[in-house]
Amino acid sequence: MADQGALRQAIGLADCCELMAATWRFPDGQLCAALCDGSYAADARSCLEDAGAGADALQRAARVLAQFEGRAAADLLPLLKREYSLLYMAPGPDVPVWSYEAPFRFVAEGREGVPTLFRAPVTLDVERHMREAGVLPKDARREPSDSVWNEFSFLAYAYGNVASAIEGGQAEDTQRWRGVVAAFCGQHALRWLPDFAARTDAEIARKELGCEYAALAELTRVVLDALAADVQKGAGS
């Protein structure tokens, strides 16, 4: 019989990662509507509870998302588009916050020169992890695979496979997919996404922008804490 607690947690983590993937793509009307009508906050609470987040984490998430509820989505959308563009899409090499792992780490490590996309070793290794797991982003030819949203989408896929293996009572497959998650988190996601959230905060303060993306960065930290706790638990089992 499947371990219902482990199954619920795997599904919760998959849903958390899928929510993060939607959060960090360029904002659209659907995201803004969900933030403003409270359905985003409800989804976040539900998947975090399933993922095993504690009361403090749930309160952190609720506190930062409360600012969106009751606002007009039509007013929020242009605001988010402007802030997203200023933070993550500046032209040229001097992007305030790179939303792709390879150039983000290139800058964070203080390396000289101009960061590259697509053919950087970090990007190629992200693609290797994905390809070995049997999946690549649909837009891999047009956009680097190591974006925030693509990495979260991959983790959602991997945790979905953890859940399927648990539900099917397939212990070997469960461990294999947990290994996929642990390897990707250790070599990629958890090596830069916490710093991505911190850099977002720093640039928002420097540019004196609104608190919307700071709130989403804080929610991302809550999700990353849940991911790190799950990976650490697996390493100790």
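Caption draft 1: Region of the structure containing the packing of helix 6 (residues 101–108) against helix 9 (residues 171–207). Direction vectors running N to C along helix 6 and helix 9 enclose 65 degrees, while the axes themselves pass 10 Å from each other. The angle between the axes of helix 6 and helix 9 places the two elements in the roughly perpendicular class. As for the relative orientation of helix 6 and helix 9, their crossing is left-handed in sense. Together, Glu 101, Phe 104 and Arg 105 of helix 6 and Gln 187, His 188, Arg 191, Trp 192, Asp 195, Phe 196 and Arg 199 of helix 9 make up the contact between the two elements.

Caption draft 2: Seen up close, unusual backbone geometry. Although it is not a glycine, Glu 208 adopts a positive phi angle of roughly 55 degrees. With respect to the helices, strands and loops of the structure, Glu 208 is situated in the loop between helix 9 and helix 10 (212–236). Given the relative accessible area of 71%, Glu 208 is considered exposed.

Caption draft 3: Spotlight on the pattern of salt bridges. This structure, assessed with the given rule, holds 18 salt bridges. Arg 111 is paired through a salt bridge with Glu 109; the nearest N and O atoms lie 4.0 Å apart. Given a relative accessible area of 47%, Glu 109 falls into the partly exposed group. Here Arg 131 makes a salt bridge to Glu 127, at a shortest N to O gap of 3.8 Å. Highlighted residues: Arg 131 and Glu 127, both in helix 7 (residues 121–132), separated by four residues, approximately one helical turn. For Arg 131, a relative accessible area of 49% corresponds to the partly exposed category. Beyond isolated ion pairs, a larger network of salt bridges with shared partners links Arg 60, Asp 201, Glu 218, Arg 221 and Asp 225.

Basis of the calculations
- Residues numbered from 1 in each chain as written.
- Predicted model: local features only at pLDDT ≥ 70, side-chain atom pairs only at ≥ 80, totals over all residues.
- Heavy atoms only, no water.
- Axes fitted to C-alpha atoms, helices over the stretch in contact; angles between N-to-C directions.
- Helix = DSSP H or I, 4+ residues; strand = E, 2+ residues; numbered from the N terminus.
- Parallel < 35°, antiparallel > 145°, perpendicular 65-115°, else oblique.
- Left-handed = near helix turned anticlockwise from the far one by under 90°.
- Contact = heavy atoms within 4.5 Å.
- Buried < 20%, exposed > 50% of the residue type's maximum accessible area, 1.4 Å probe, protein only.
- Salt bridge = Lys/Arg side-chain N within 4 Å of Asp/Glu carboxyl O.

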